[in-house]
Amino acid sequence: MAFPLVQLTSSDEIKFEVARNVIKQSNTVNTLMTDLGMDDDDSNHIPIPLPAVASAHLKLVIEWCDHHKDDEPFEEEEEKEDTVYEEKKKTVIPEWDQTFLKVLSQGDLFYLALAANYMDVKMLLKYIVVTIANAIRGLSDVEICKYFNVERDFTEADLEAIKKDNAVEIPLGFDGREEGFESNINGNRCTESDEGSALNANRTPWYVTPLISIETTIEESFG
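Because the structure is a prediction, the values reported are computed rather than measured. (Residues numbered from 1 in each chain as written. Predicted model: local features only at pLDDT ≥ 70, side-chain atom pairs only at ≥ 80, totals over all residues. Heavy atoms only, no water.)

Asks: Any chance you could explain the packing of helix H3 (residues 55-67) against helix H4 (residues 95-102) here in plain terms?
Replies: Between two packed helices, what matters for the description is the angle formed by their axes and the separation of those axes. Where H3 contacts H4, the axes come no closer than 12 Å and their chain directions differ by 170 degrees. With respect to H4, the element H3 is oriented roughly antiparallel. Residues Leu-60, Glu-63, Trp-64 and His-67 of H3 touch H4, and the partners they reach there are Trp-96, Asp-97 and Phe-100. Of the residues that constitute the contact of H3 with H4, the class distribution is four nonpolar, one polar and two charged. (Axes fitted to C-alpha atoms, helices over the stretch in contact; angles between N-to-C directions. Helix = DSSP H or I, 4+ residues; strand = E, 2+ residues; numbered from the N terminus. Parallel < 35°, antiparallel > 145°, perpendicular 65-115°, else oblique. Contact = heavy atoms within 4.5 Å. Nonpolar A, V, L, I, M, F, W, Y, C, P; charged D, E, K, R; others polar.)

Asks: I tried to follow the confidence of the model for the chain on my own but got confused; where do I start?
Replies: When pLDDT is low, close inspection of the predicted coordinates is not appropriate. Confidence along the chain averages 75 in pLDDT terms, with 65% of residues attaining 70 or more. Predicted confidence in the chain is weakest over helix H9 (residues 214-222), with a mean pLDDT of 48, and strongest over H3, with 97. Ignoring residues within four places in sequence, the model shows residues 176-219, a span with pLDDT below 50, making 76 contacts including any to other chains. (pLDDT = per-residue confidence, 0-100.)

Asks: Looking at this model, I keep getting lost on helix H6 (residues 122-136). Mind explaining?
Replies: The terminal C-alpha atoms of H6, which comprises 15 residues, lie 21 Å apart, in line with the 21 Å expected from a rise of 1.5 Å per residue. Positive phi appears at Gly-138, one or two residues downstream of H6, with a value of about 85 degrees. (Expected span 1.5 Å × (residues − 1).)

Asks: I keep staring at the side chain of Ser-10 and nothing clicks. Help me out?
Replies: Mapped onto the secondary structure, Ser-10 falls in the loop between strand S1 (5-9) and strand S2 (15-19). Assessed through its relative accessible area of 3%, Ser-10 is described here as buried. Here the side chain of Ser-10 touches Asp-12 through a polar contact of 2.5 Å, side chain to side chain. Leaving out residues up to four positions away in the same chain, Ser-10 has contacts with Phe-16, Leu-50, Val-53, Ala-54, Ser-55 and Leu-58. (Buried < 20%, exposed > 50% of the residue type's maximum accessible area, 1.4 Å probe, protein only. Polar contact = N/O pair within 3.5 Å; in protein donor to acceptor, adjacent residues only side chain to side chain.)

Written as C-alpha cells, this is what we have:
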C-alpha cells in the first residue's frame, strides 16, 4: 500500500518528504495535520514548518520513525498516587535503538532530545533520557558537571546550605537498606545522631540536578 507523502521543513529551510505512516510517531505533526485537515490528498503538498528542529536532527528523527513505522504510537501511562514506593518499570532499550543512539556525539544526543520533545516523539525521547541517565549513573557531582559541560562554581558553604535545606529525615531504628528508603552514609541502621542527615553514598549526588535545565545547558554548552 502506497502512503501519501508529507513535506516537512527544518529550521534551516531543508525540505523532507516523509510517508504518512512513518511520521505518525510524531504527535505534533499528527495533531497539526488532523486539525488543519491536511490528510486530504490535495493538502499533502503543503510543507509543515518545524522551526525548532535543524535538518541534521530532523533527519535522525525521520530515520528513527521509519524504523518504528509499524509500532503503535507510544502513550504515557498515568502514574498512580498510591504507588509512591512501588518499583518503577524499567525501560529496556532495544538493541537497534541502543546502536542508533550510541554512535551520536553528546551534543547531537542532546539536540535530538530537543527535537524529539518538540515533535512529541515520546518513545524516542524516553530512550534518549534513559541513555543519558545511564551515562551519568554513579558519577560524582564534579563528573556530572563535566559531562554536561557546566561550570561548578559552588563554594563549600553553598553546598552545605543546600544539603541542610534538603535533609532527609528517617524514622529512628528503621533499616535504611530496605527498598524505598535511604541508609545513612555508612549503610548502617540510623541512630539518633544520624536522624535528618542520612545520605546514600552510592547514589549520584542529588544537588546538581535541580540547579540546571536541559535546554539552558545545551544552549550554553553546544550553542
